[in-house]
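Examination of the molecular architecture
Listed here are the chains, written in short residue letters.
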Amino acid sequence: MSGKKITTDSGIEIKESYTAADIKSHDNSTAGVYPFTRGVQSSMYRGKLWTMRQYAGFSTAEESNKRYHYLLNQGVSGLSVAFDLPTQIGYDSNHPLADGEVGKVGVAIDSLEDIEKLFEGIKLEDVSTSMTINATGFILLAFYVALAKKQGANLNNITGTIQNDILKEYAARGTYIYPPQPSMRIITDIFEWCSKELPKWNTISISGYHIREAGSTAVQEIAFTLSNGKAYVKAALEKGLDINVFGKRLSFFFNAHNNLFEEVAKFRAARRMWAKIMKDLGATDEKAMMLRFHTQTGGSTLTAQQPMNNISRVTIQTLAAVLGGTQSLHTNGYDEALSLPTEEAAKIALRTQQIVAFESGAADTVDPLAGSYYVETLTDQVEAEAWKLIESIDAMGGAVAATEAGFVQDEIARSAYEYQCNIENNSKVIVGVNKFQTNSEEKIPGFKIDDSIQKMQCDKLAALKSKRDNTSVSDCLSKLKSTCKSNENIMPVVLECVEQYCTLGEISDVLRGEFGEYK
């Protein structure tokens, strides 16, 4: 075995053994101190465990609300909302392009009325809510704030995150609506508005998760994500915003895959790199240099073959995220290669986090793998490779230009192709897929969404439009149109629109008319 070349999934060669001589950086910093290699809090999980989130959303707001109550009763400390595709791309449930997609990969949200039902019986001041929403993130944020106001909440206490990361949509995921420049304007409007109105809200979750799901390596995941982060910071600075204020509300979203040590090295390297990027861009407050991140276990690593094996995969990925210092975590259900997670699979996924937290000892000390010759060397190597990619992107004029030129998309596609080739030629072993197969099929009960959901949503929309004040709706949408033409912040008017029960599709269409659509 000693003569065989072994590499990480990013192609970094792994030596047979490591010694102190291999470590290049000798970063002896402690957790909670720049450059935060070992973590963003000095006591890490001894002070407070990561937030245990479970990502859920399907069918109608009422059905998702039942799952949220179930998860809260099982011990989750934060909710994470999945939206259906029409909601993500700005179409109401009665739009022709929504046909067949309503409530399928997430919950259908058409208006404030749906958000009221989604969070019925849940005080927004008592939970932290993360929403995986990008092109329409500003509308969902307005819905959430409008509900908080109706509940009588103090907006200074409302915590959560909207993903709001549009650059990775052009490169990896595809749920964009508007072209890059107006999309960046919407994002910086959110930064500015939240800094005054919603000070504890994370205004963006700069997402490597979907970049990795599209087929990138670990190195590419952090390089492209941090480059996108840099672009958002520069756009906010150009708008005159204070990096020491908005910088504290930026958060990140990463993937956790199966190569335990490379994943830990990736998280440690990303923290160190972001601290340097923010310092170079002018941040002087250390809190604005901290990379705080949510992790989700790798959806693309789950197999439809022998699905119970996915419980072991998710356990390894959970350990990677915790040993890497995540601030919050979602664990996937073992059945998610087959369908939306069943209640049973969601419970096992949550229990996996709880077992790691309370039984494994992984949370007992700060950065327990620090000082490992292998992990420290790998952290340096992942960082060095990621900097090379960032330098290439900077030379093109930054993340927006590199995305518009197709560079990021091409790099991801190449890595995805190479990975698949390695599975097909058996140089990459996937247990139960290309090795250790069985002939017997495991019968896993799937979770299916009924097609009657669309009619229910359309009926609710029709009822809403007949009872709301349509004159006020028309006035608000006209006001939004004129705000889009100006340099004014759009968020106050969007909030007025949703409070008058304008729908998500109506608001999106006003912006489509002013900004156009990205093709």
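Now for a quick tour of the structure. (Residues numbered from 1 in each chain as written. Predicted model: local features only at pLDDT ≥ 70, side-chain atom pairs only at ≥ 80, totals over all residues. Heavy atoms only, no water.)

Digging into the packing of aromatic side chains
Here is the rule: Here the aromatic set is Phe, Tyr and Trp, taking the six-membered ring for Trp, and pairing holds for ring centres within 6.5 Å; pairs whose planes are under 30 degrees apart are stacked, those over 60 apart are edge-to-face, and all others are tilted. For the purposes of this entry, the term helix denotes a DSSP run of H or I that reaches at least four residues, the term strand denotes a run of E that reaches at least two, and both are numbered from the N terminus. Note on geometry: a ring has a charge over it if NZ (lysine) or CZ (arginine) is within 6 Å of the ring centre and within 35 degrees of the ring normal.
Taken as a whole and judged by the stated rule, the model has 18 aromatic pairs. Note on Tyr34 and Phe36: the rings are 6.3 Å apart at their centroids and 75° apart in plane angle, and the pair reads as edge-to-face. Aromatic pair Tyr209 and Phe253: ring centres 4.9 Å apart, planes at 0°, arrangement stacked. On the criterion of sequence distance, the pair formed by Tyr209 in helix α7 (residues 209-213) and Phe253 in strand β9 (residues 250-256) is long-range, its members being 44 residues apart. Aromatic rings pair up to connect Phe252, Phe254, Phe267, Trp274 and Phe293 into one cluster. Between Lys15 and the ring centre of Tyr18, over which it is positioned, the NZ or CZ distance is 5.6 Å. When the ring centre of Tyr34 is taken as reference, the NZ or CZ atom of Lys279 above it lies at 4.2 Å.

Describing the layout of surface pockets
The following threshold applies: Cavity and pocket criteria rest on a 1 Å grid covering protein atoms alone: a 1.4 Å probe that fits but cannot get out defines a cavity, protein on both sides within 12 Å along at least 5 of 7 lines defines an open pocket, and an atom within 4 Å of a point defines a lining residue. Grid points are joined across faces, edges and corners, and a volume is the space filled by probe spheres set on the points. When residues are sorted by character, Ala, Val, Leu, Ile, Met, Phe, Trp, Tyr, Cys and Pro go into the nonpolar class, Asp, Glu, Lys and Arg into the charged class, and all the rest, Gly among them, into the polar class.
Roughly 1400 Å³ of volume is contained in the largest pocket. Of all elements in the fold, only β1 (6-7), α7, α8 (218-238), α10 (260-280), α11 (309-323), α13 (373-395) and α15 (407-424) reach the threshold of two or more residues within the lining of the largest pocket. Per element, the largest residue contribution to the lining of the largest pocket is seven residues, and it comes from α15. Residue classes in the lining of the largest pocket are distributed as 18 nonpolar, 20 polar and 10 charged. The calculated volume of the second largest pocket comes to roughly 850 Å³.

Focus: the packing of helix α6 (residues 180-197) against helix α18 (residues 491-499)
Selection criterion: Only the stretch in contact is used when a helix axis is fitted, and all axes are lines through C-alpha atoms; the angle between N-to-C directions ranges over 0 to 180 degrees. Any angle that is under 35 degrees is reported as roughly parallel, and any over 145 degrees as roughly antiparallel; angles of 65 to 115 degrees are reported as roughly perpendicular and all others as oblique. The contact criterion used is simple: two residues touch if any of their non-hydrogen atoms lie within 4.5 Å.
Interaxial distance between α6 and α18 falls to 9 Å at its minimum, and their mutual angle equals 85°. Comparing their axes, α18 and α6 come out roughly perpendicular. Packed against α6, whose contacting residues are Asp189, Ile190 and Trp193, the element α18 presents Met491, Pro492 and Leu495 at the interface. Of the residues belonging to the contact of α6 with α18, the class tally is five nonpolar, no polar and one charged.

Here we look at empty space enclosed by the protein
Here the structure, examined in full by the defined rule, presents five cavities of 30 Å³ or more. Of the volumes computed, that of the largest cavity is approximately 70 Å³. Lining the largest cavity are 13 residues, with Tyr45, Val322, Leu323, Asp367 and Pro368 sitting closest to its centre. Taken together, the residues of the lining of the largest cavity sort by class into seven nonpolar, three polar and three charged.

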